[in-house]
Amino acid sequence: MTLLQPGDKAPHFILPDQDGILVDLRFFIGKKVLIYFYPKAMTPGCTIQACKLRDNIDIFRKLDVEIIGISNDKPEKLLKFHEKEMLRFTLLSDEYYKVTKKFGAWGEKKFMGKVYNGVHRVSFIIDATGFVEQVFAHFKPVEHDQIILRYLNNQIIT
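Residues numbered from 1 in each chain as written. Predicted model: local features only at pLDDT ≥ 70, side-chain atom pairs only at ≥ 80, totals over all residues. Heavy atoms only, no water.

In the annotation of an unreviewed UniProt entry, the chain is listed under the name thioredoxin-dependent peroxiredoxin and assigned to Candidatus Blochmannia vicinus. Of the chain, the UniProt comment under Catalytic activity (unreviewed entry) reads exactly: "a hydroperoxide + [thioredoxin]-dithiol = an alcohol + [thioredoxin]-disulfide + H2O". (UniProt positions renumbered as here; feature names shortened; annotations may be inferred.)

Below is the structure:
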């Protein structure tokens, strides 16, 4: 799969959230959205990434940016993750990787000499009209929030 690039139209999707409620990407037209794909809820890296976003949620909201995390976890697991880490943003379940593949966040990975297919840790800023504004594909979970905020703050200044 090819990773979406700035200027591409974000693929439309409807996925269940952590409460099992269907969320339509069209609900967010008129706002910027940070959509981040992550491999698995309640794993160390994904927890760090989610908690750092949670800790900065007020800054994202002040910048009028909604946050959506997407993994292949079932809504029940997402709810446990959401409650345990007191997340204040939406987590969506893409159980069969359909949306993950449309965004290009699914593909070959290597770990400890093994090659396999999996979810790449990648984030997209979707602009208020539904187009990809920016893509973040190479970062550590611990620095993800600051990379995104630095980009968003630079957009305001320029």
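## A look at the packing of aromatic side chains
What the rule picks out here adds up to 9 aromatic pairs. With a centroid separation of 6.2 Å and an interplanar angle of 65°, the aromatic rings of Phe 13 and Phe 103 are classed as edge-to-face. With Phe 13 in the segment before strand S1 (14–16) and Phe 103 in helix H4 (residues 98–103), the pair connects residues that are 90 residues apart, well separated along the chain. Of the two residues examined, Phe 13 and Phe 103, each falls in the buried class. (Phe/Tyr/Trp six-rings, centres within 6.5 Å; stacked < 30°, edge-to-face > 60°. Helix = DSSP H or I, 4+ residues; strand = E, 2+ residues; numbered from the N terminus. Buried < 20%, exposed > 50% of the residue type's maximum accessible area, 1.4 Å probe, protein only.)

## With respect to helix H1 (residues 44–55)
In a regular helix each residue adds 1.5 Å, so 12 residues correspond to 16 Å; H1 covers 16 Å between its end C-alpha atoms and thus fits that length. Regarding H1, the residues found buried are Cys 46, Thr 47, Gln 49, Ala 50, Cys 51, Leu 53 and Arg 54. (Expected span 1.5 Å × (residues − 1).)

## Observations regarding a nonpolar patch on the surface
Together, Phe 111, Met 112 and Tyr 116 give the surface a local cluster of nonpolar side chains, amounting to about 390 Å² of exposed area. Inspection of the secondary structure puts Met 112 in the loop between strand S6 (106–111) and strand S7 (114–119). Taking relative accessible area as the criterion, Met 112 reaches 73% and is therefore assigned exposed. (Patch = residues over 30% accessible without salt bridge, like charges linked within 9 Å, V, L, I, M, F, W, Y side chains within 5 Å. Areas by Shrake-Rupley, 256 points an atom, 1.4 Å probe, with all protein chains shown as cover. Salt bridge = Lys/Arg side-chain N within 4 Å of Asp/Glu carboxyl O.)

## Description of the sheet that holds strand S3 (residues 32–37)
As summarised here, the arrangement of the 5 strands in space is S5-S4-S3-S8-S9, forming an open sheet in which the pairing is mixed. Bordering the open sheet on either side are strand S5 (90–93) and strand S9 (132–136), each of which pairs with just one other strand. Strand-to-strand twist across the sheet, computed as the mean angle between neighbouring axes with direction ignored, equals 20°. Relative to S5, strand S4 (residues 65–71) runs parallel, the two sharing 4 bridges. The residue bridging Ile 68 from the neighbouring strand is Thr 90, located in S5. In the packing of H1 onto the sheet, contacts are made with S3, S4 and strand S8 (122–126), and the angle to S3 comes to roughly 160°. Relative to S5, helix H3 (residues 75–84) is tilted by about 160°, and along the sheet it contacts S4 and S5. (Pairing = 2+ DSSP bridges. Axes fitted to C-alpha atoms, helices over the stretch in contact; angles between N-to-C directions. Contact = heavy atoms within 4.5 Å.)

## Here we look at H3
The set of residues buried in H3 consists of Pro 75, Leu 78, Phe 81 and His 82. Take H3 and look down its axis: the buried residues cluster within an arc of 120°, on one side only. What points out from H3, more than 90 degrees from its buried face, is the exposed set Glu 76, Lys 80, Glu 83 and Lys 84. The inward-facing, buried residues of H3 abut S1, H1, S4 and S5. (Arc of directions from axis to C-beta.)

## What about the side chain of Thr 47?
Counting through the fold element by element, Thr 47 comes out in helix H1. Residue classification places Thr 47 among the buried residues on the basis of a relative accessible area of 16%. Once residues lying within four places of it in the same chain are set aside, the contact partners of Thr 47 are Met 42, Phe 81 and Glu 85.

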